[in-house]
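Next come the chains, spelled out residue by residue.
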Amino acid sequence: MTPPEHLTVQGPEDILGFIPHSLGYWPADSLVAMTLQGKSLGATLRLDLPGSEVLADPKKFACTVRDYLRADQQADASLLVLFTNEGWTDARPGAVQTYTGLLAALQAVLGAAGMPVRDAWYVGDTYWRDAYCTDGSCCPLPGRPISDIRDSRLNAEMVYRGSSVGPAPEDQCPTPAAMPAESKARLRAAEASWMVPLDRRRASRAQFETLLDTWELLFRSGRCPADPLVLGYVRATLRVPAWRDAVLVIAAAGRAAASAGADQFGIFDAGCRLAPVRPQADGRQEAAAGTAIAAGGPVRPSPVPSHPVPGGAVGDAALVPGYGEVLLGLAPPRPDWNSMNNLDRVLEQLAPGGGQAAAAALSGRGWISWCRGRGSYAAAHLGRALDEEPGYRLAELLLELVRRGTLCGWAARKDAAWQKFGPDAA
């Protein structure tokens, strides 16, 4: 994420005060690297500070930082910040000795790549200081008070604009099982009541289009109805992998991509002619005649969706991105961030209750965080997904991408990247 264009950085306190807003939390034991585009701040990258083995020969680590920053093709310089509490004393911060070699390697590698390091700082819980200044008159030991950063003008302006700094991702991502036992039991029972009729319709094109109708309404509002039967239905649709993937694709790339991708995977069977099922407006279950309904209420056929259901692939297959391209952020050129943000809110509401549906919801949130370029949040959500459902394949695949440091295609391009404060602010 980039800083608001209409804010002026007047000193290092402003730069350092922006970083927690950019990341969403105050980093610890971290290297934060920022690109510069002339006099403007560019992209922000956070990495865990390396251990002693890497510090003994930090060139490879420095090259990794360079490769990430190269995603900002307009970058012509860089800034470095080391968040660490190691070695702060009244005599001399020990971090200066610990990370001198790392800073030297970063200077050399980034300089050769056309992004010379303009400034670097150490930031601890109590003090901060310039990494290169040794003049005690302007850089007194152990450093300047951290309140300079927390009280900086830019930090105050960001708060005024509605930005907040929360806890670290591993503490910020809520525990999905944090739900009253009675409410959880009702939700799981409602979910189970939908699984039998939905399982029988996995190959139904009409059912696929019906559930996309339901999800599109959620994308617009970003809220789930409070009725347990409706929540159970939405959670149940996430338990079918092809439908779960279609939900992610439609949020980012639109309905045509979701429908065409389902065709490409061959999930439909023309012989499956069961009428689609979905909740009624009053929250009761609506299903094909003759289907057993655990929740009771009248049983009648669900109307066919008002839009025509295509008989084959939707649109020109050459123009519609495939699921793989969308899930890796390679297409479309820019995703529908509004729908993805609303999907993230919906999935947050679906994660409580636990089980496989929670693993699907948390994996979806992890994917959205990865698309936003927020690897720490992605890892936290995906780890929670695997806690809910060990071996959950989507979570494992996405977590491998995060651990390898693979950037989502959208996050690597400024014109497509997520903007926390919207297009007018970033």
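To be clear, the structure that these remarks concern was listed above.
Summary of the structure given here. (Residues numbered from 1 in each chain as written. Predicted model: local features only at pLDDT ≥ 70, side-chain atom pairs only at ≥ 80, totals over all residues. Heavy atoms only, no water.)

1. Focus on the overall build of the protein chain
Item 1. Counting secondary structure elements, the protein chain contains 18 helices and eight strands.
Item 2. Intrachain contacts of the protein chain at a sequence separation of at least 6 include 72% that bridge at least 24 residues.
Item 3. Counting only carbon and sulfur atoms, one obtains 52% of the accessible surface of the protein chain, whose full area is about 18,700 Å². (Helix = DSSP H or I, 4+ residues; strand = E, 2+ residues; numbered from the N terminus. Contact = heavy atoms within 4.5 Å. Areas by Shrake-Rupley, 256 points an atom, 1.4 Å probe, with all protein chains shown as cover.)

2. Here's the deal with the packing of aromatic side chains
Item 1. Tallied over the full model, the rule gives eight aromatic pairs.
Item 2. Members of the aromatic cluster, connected to one another through ring pairs, are Trp-337, Trp-367 and Trp-410.
Item 3. Across from the ring centre of Trp-26, 4.2 Å away, lies the NZ or CZ of Arg-150, which sits over that ring.
Item 4. Residue placement shows Arg-372 over the ring face of Trp-418; its charged tip is 4.8 Å from the ring centre. (Phe/Tyr/Trp six-rings, centres within 6.5 Å; stacked < 30°, edge-to-face > 60°. Lys NZ or Arg CZ within 6 Å of the ring centre and 35° of its normal.)

3. Some words on the side chain of Ser-363
Item 1. Following the sequence through the fold, Ser-363 ends up in helix α16 (residues 355–371).
Item 2. The exposure class of Ser-363 is buried, given its relative accessible area of 0%.
Item 3. Discounting residues that sit within four places of it in the chain, Ser-363 has contacts with Leu-382, Ala-385, Tyr-392, Leu-394, Ala-395 and Leu-398. (Buried < 20%, exposed > 50% of the residue type's maximum accessible area, 1.4 Å probe, protein only.)

4. Observations regarding the packing of helix α17 (residues 375–388) against helix α18 (residues 393–404)
Item 1. Contact geometry for α17 and α18: axes closest at 9 Å, N-to-C directions at 150°. If you check the angle between α17 and α18, you find them roughly antiparallel. In the crossing of α17 with α18, the sense of the turn from one axis to the other is left-handed. Contacts between α17 and α18 pair Gly-375, Ala-378, Ala-379, Leu-382, Ala-385 and Leu-386 from the former with Ala-395, Glu-396, Leu-398, Leu-399 and Val-402 from the latter.
Item 2. Of the residues assigned to the contact of α17 with α18, the class counts are nine nonpolar, one polar and one charged. (Axes fitted to C-alpha atoms, helices over the stretch in contact; angles between N-to-C directions. Parallel < 35°, antiparallel > 145°, perpendicular 65-115°, else oblique. Left-handed = near helix turned anticlockwise from the far one by under 90°. Nonpolar A, V, L, I, M, F, W, Y, C, P; charged D, E, K, R; others polar.)

5. Quick notes on unusual backbone geometry
Item 1. Backbone torsion omega between Ala-331 and Pro-332 reads 0°, so that peptide bond is classified as cis.
Item 2. Mapping Pro-332 onto the fold places it in the loop between α14 (323–327) and α15 (337–350).
Item 3. If you check the backbone angles, Asp-29 has positive phi at about 45° while not being a glycine.
Item 4. With respect to the secondary-structure elements, Asp-29 resides in the loop between α1 (12–23) and β1 (30–37).

6. Brief notes about the pattern of salt bridges
Item 1. Applying the stated criterion across every chain, the model contains 18 salt bridges.
Item 2. Among the ionic pairs, Asp-67 bridges to Arg-66, the shortest N-O distance being 3.0 Å.
Item 3. With a closest N to O distance of 2.9 Å, Glu-191 and Arg-239 form a salt bridge. Highlighted residues: Glu-191 in helix α9 (residues 181–199) and Arg-239 in the loop between α11 (228–238) and α12 (241–253), separated in sequence by 48 residues.
Item 4. Relative accessible area serves as the criterion here: at 2%, Glu-191 is assigned to the buried category.
Item 5. The partly exposed category is assigned to Arg-239, whose relative accessible area is 27%.
Item 6. Among the charged side chains, a salt-bridge network with shared partners connects Glu-209, Asp-213, Glu-216 and Arg-255. (Salt bridge = Lys/Arg side-chain N within 4 Å of Asp/Glu carboxyl O.)

7. Focus on the pairing of β1
Item 1. Counting buried residues in β1 gives eight out of eight residues, a clear majority hidden from the surface.
Item 2. Judged from the seven bridges that link them, β1 and strand β2 (residues 40–48) form a sheet pairing that is antiparallel. Pairing of Leu-31 across the sheet is with Leu-47, part of β2.
Item 3. Connecting the antiparallel pair β1 and β2 is a turn made up of two residues, with Gly-38 showing a positive phi of about 65°.
Item 4. As defined by bridge partners, β1 adjoins strand β3 (residues 77–83) across seven bridges and the pair is classed as antiparallel. Across the sheet, Met-34 pairs through a bridge with Leu-79, a residue of β3. (Pairing = 2+ DSSP bridges.)

8. A closer look at the nonpolar core
Here is a general trend for soluble globular proteins: nonpolar side chains tend to be buried in one another's company.
Item 1. Residues Trp-215, Met-340, Leu-343, Leu-350, Trp-367 and Trp-410 are the most contacted members of the largest nonpolar core, which totals 66 residues.
Item 2. With 27 residues, the next largest nonpolar core counts Ala-33, Tyr-68, Leu-80 and Tyr-99 among its residues. (Core = buried A, V, L, I, M, F, W, Y, C linked by side-chain atoms within 4.5 Å.)

9. Some words on the packing of α16 against α17
Item 1. Direction vectors running N to C along α16 and α17 enclose 165°, while the axes themselves pass 8 Å from each other. Accordingly, the angle class assigned to the pair α16 and α17 is roughly antiparallel. The handedness of the crossing between α16 and α17 is left-handed. Contacts between α16 and α17 involve Gly-355, Ala-358, Ala-359, Leu-362, Ser-363, Arg-365, Gly-366, Ser-369 and Trp-370 on the former and, on the latter, Tyr-377, Ala-378, His-381, Leu-382, Arg-384, Ala-385 and Glu-388.
Item 2. For the contact of α16 with α17, the class distribution of residues is eight nonpolar, five polar and three charged.

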